[in-house]
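Below, each chain spelled out in residue letters.
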Amino acid sequence: MSTGFLIFIIGWTFILVGLMGIGGFFMFRKFLKRLPKEDGKSIIDWEEYYVNKTAKLWGEDEKRLLEELVSPVPQLFRDVAKQKIASKIGQLALEKKKKKITQDVLIEGYILATPKRDHKFLIKTLQRKEIDFSPYEHLLEKEKSQTTM
């Protein structure tokens, strides 16, 4: 066996093991989200509950804004991100007893459901659309203080 072929086999072995490890990591995370919590429902069950419970409260403008806000998420993960964010928005709408998903609830839910690194895109999008986000700056600050601890 030549040395080049041996290096090729070893290289492909590392690549395949690495890719399987990455895939396994994401599968394991999904498995953990499916495990029931103390209340008997999993994280994904609650997400589906809030999305289904508030499906009729969404207007076309709010759906478009949500689509625009999740657009930087890679296509492969976009549906998962959209469900997580929509469920948080739905949860807020139900807690506040809203009859309709409003832009205010949408922005607040987006901030609460997404990591701090994605808030930059939210702020840029809101500025481009000339939407005032000053009522939500305390949520952005809260996010900053939690990450510094």
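**Focus: the nonpolar core**
Nonpolar side chains tend toward joint burial in soluble globular proteins.
Alright, step 1. Counting residues in each nonpolar core, the largest one holds 25 residues, and the members touching the most others are W58, L66, I85, I89, L106 and I111.
Alright, step 2. Elements supplying a minimum of two residues to this core: helix 3 (60-69), helix 4 (75-95), helix 5 (103-113), helix 6 (119-128) and helix 7 (137-148).
Alright, step 3. For this core, the element with the highest residue contribution is helix 5, accounting for 6 residues.

**Comments concerning the pattern of salt bridges**
Oppositely charged side chains can form a pair if their charged atoms are brought close together.
Alright, step 1. Per the stated rule, a full pass over the model turns up 5 salt bridges.
Alright, step 2. E68 is paired through a salt bridge with R128; the nearest N and O atoms lie 2.2 Å apart. One end of the pair, E68, is in helix 3; the other, R128, is in helix 6, and 60 residues separate them in sequence.
Alright, step 3. Assessed through its relative accessible area of 54%, R128 is described here as exposed.

**Examining the environment of D79**
Alright, step 1. Inspection of the secondary structure assignment puts D79 in helix 4.
Alright, step 2. Each C-alpha atom of the pair D79 and P115 lies 16 Å from the other, and the pair is 36 residues apart in sequence.

Parameters at a glance
- Residues numbered from 1 in each chain as written.
- Predicted model: local features only at pLDDT ≥ 70, side-chain atom pairs only at ≥ 80, totals over all residues.
- Heavy atoms only, no water.
- Core = buried A, V, L, I, M, F, W, Y, C linked by side-chain atoms within 4.5 Å.
- Buried < 20%, exposed > 50% of the residue type's maximum accessible area, 1.4 Å probe, protein only.
- Helix = DSSP H or I, 4+ residues; strand = E, 2+ residues; numbered from the N terminus.
- Salt bridge = Lys/Arg side-chain N within 4 Å of Asp/Glu carboxyl O.

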